[in-house]
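What follows is each chain in one-letter form.
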Amino acid sequence: SQQGEEDPQALSIQEGENATMNCSYKTSINNLQWYRQNSGRGLVHLILIRSNEREKHSGRLRVTLDTSKKSSSLLITASRAADTASYFCATDAGNNRKLIWGLGTSLAVNP
Amino acid sequence: GAVVSQHPSRVICKSGTSVKIECRSLDFQATTMFWYRQFPKQSLMLMATSNEGSKATYEQGVEKDKFLINHASLTLSTLTVTSAHPEDSSFYICSAPGRDNSPLHFGNGTRLTVT
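Residues numbered from 1 in each chain as written. Chains lettered and ligands numbered in written order. Predicted model: local features only at pLDDT ≥ 70, side-chain atom pairs only at ≥ 80, totals over all residues. Heavy atoms only, no water.

Caption draft 1: Just the packing of aromatic side chains, in detail. With the rule as written, the count across this model stands at six aromatic pairs over all chains. Between Tyr35(A) and Phe106(B), the aromatic rings sit 5.5 Å apart at their centres with planes inclined by 80°, giving edge-to-face as the arrangement. One end of the pair, Tyr35(A), is in strand S4 (residues 31–37); the other, Phe106(B), is in strand S10 (residues 104–106), on a second chain. For the pair Tyr35(A) and Phe106(B), one class covers both residues: buried. Aromatic side chains Trp101(A) and Tyr36(B) sit 5.9 Å apart centroid to centroid with 90° between the ring planes, which places their arrangement in the edge-to-face category. Here Trp101(A), found in strand S10 (residues 100–101), pairs with Tyr36(B), found in strand S4 (residues 32–38), and the two come from separate chains. Here Trp101(A) matches Tyr36(B) in class, with each residue buried. Pairwise contacts between aromatic rings join Tyr35(A), Trp101(A), Tyr36(B) and Phe106(B) into one cluster. (Phe/Tyr/Trp six-rings, centres within 6.5 Å; stacked < 30°, edge-to-face > 60°. Helix = DSSP H or I, 4+ residues; strand = E, 2+ residues; numbered from the N terminus. Buried < 20%, exposed > 50% of the residue type's maximum accessible area, 1.4 Å probe, protein only.)

Caption draft 2: Main features of the sheet that holds strand S8 (residues 71–76) of chain A. All names here are of chain A. On the basis of which strands lie adjacent, the open sheet formed by five strands has the order S1-S3-S8-S7-S6 and antiparallel pairing. The outermost strands of the open sheet, each flanked by one partner alone, are strand S1 (5–7) and strand S6 (55–58). Strand-to-strand twist of the sheet, defined as the mean angle between neighbouring strand axes without regard to direction, takes the value 15°. Bridging between strand S7 (residues 61–66) and S8 involves six bridges; their strand directions are antiparallel. Within the sheet, the bridge partner assigned to threonine 64 lies in S8 and is serine 73. (Pairing = 2+ DSSP bridges. Axes fitted to C-alpha atoms, helices over the stretch in contact; angles between N-to-C directions.)

Caption draft 3: Spotlight on the pairing of strand S3 (residues 19–24) of chain A. Residue and element names in this part refer to chain A. The alternating pattern of S3 places Ala19, Met21 and Cys23 on a buried face, while none of Thr20, Asn22 and Ser24, on the opposite face, is buried. As judged from the three bridges shared by S1 and S3, these two strands associate in the antiparallel manner. Counted as the bridge partner of glutamate 5 is serine 24 from S3. With six bridges connecting them, S3 and S8 associate as antiparallel partners. The residue bridging methionine 21 from the neighbouring strand is leucine 74, located in S8.

Listed below in structure tokens is the structure:
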């Protein structure tokens, strides 16, 4: 099932620029996760932020979480052509490990 | 790190035949695995949760008799698309959770084309 919404649906930027993607959700969560998917491949986990955290960094990635607004953002700094992929957010609301997926943002980084 | 292997990566079959897709956790045990379906340029749609040693839990609208799931060991879950039709053509992905709140580990997906 899907309840997350991501914007923008598609984003095209130049190498070196920053890319920001947003995710909104509807119910209370334990954590929110961001994944990346290269075309025709499986998903790769990028970062997990817990409900009691507000910001998290991993390399060039910065994730924020605002539980009052039920939203999260993923910032990729100094983008590279290799960052071209689809990015999905997913929320974990309970113990059954069944994630709720966003619709994804397709990012194109032009060299 | 944890690795999930999915096989085959691509399969083409004729209408009416059955296709089996395997999902293996290579260096960890997975009592639960998730099977997803993904249409082009869309998000993941959870089809079912595979439970080791017991019946799978299917999402609403997913036909149990058409998408047979078997999770006979702690490292292997299989999805069999029975009596395949062209509308079953899609990208199927499996995943397995790590411990506690650790993230999902995904296979590389299977592109199924039914002719």
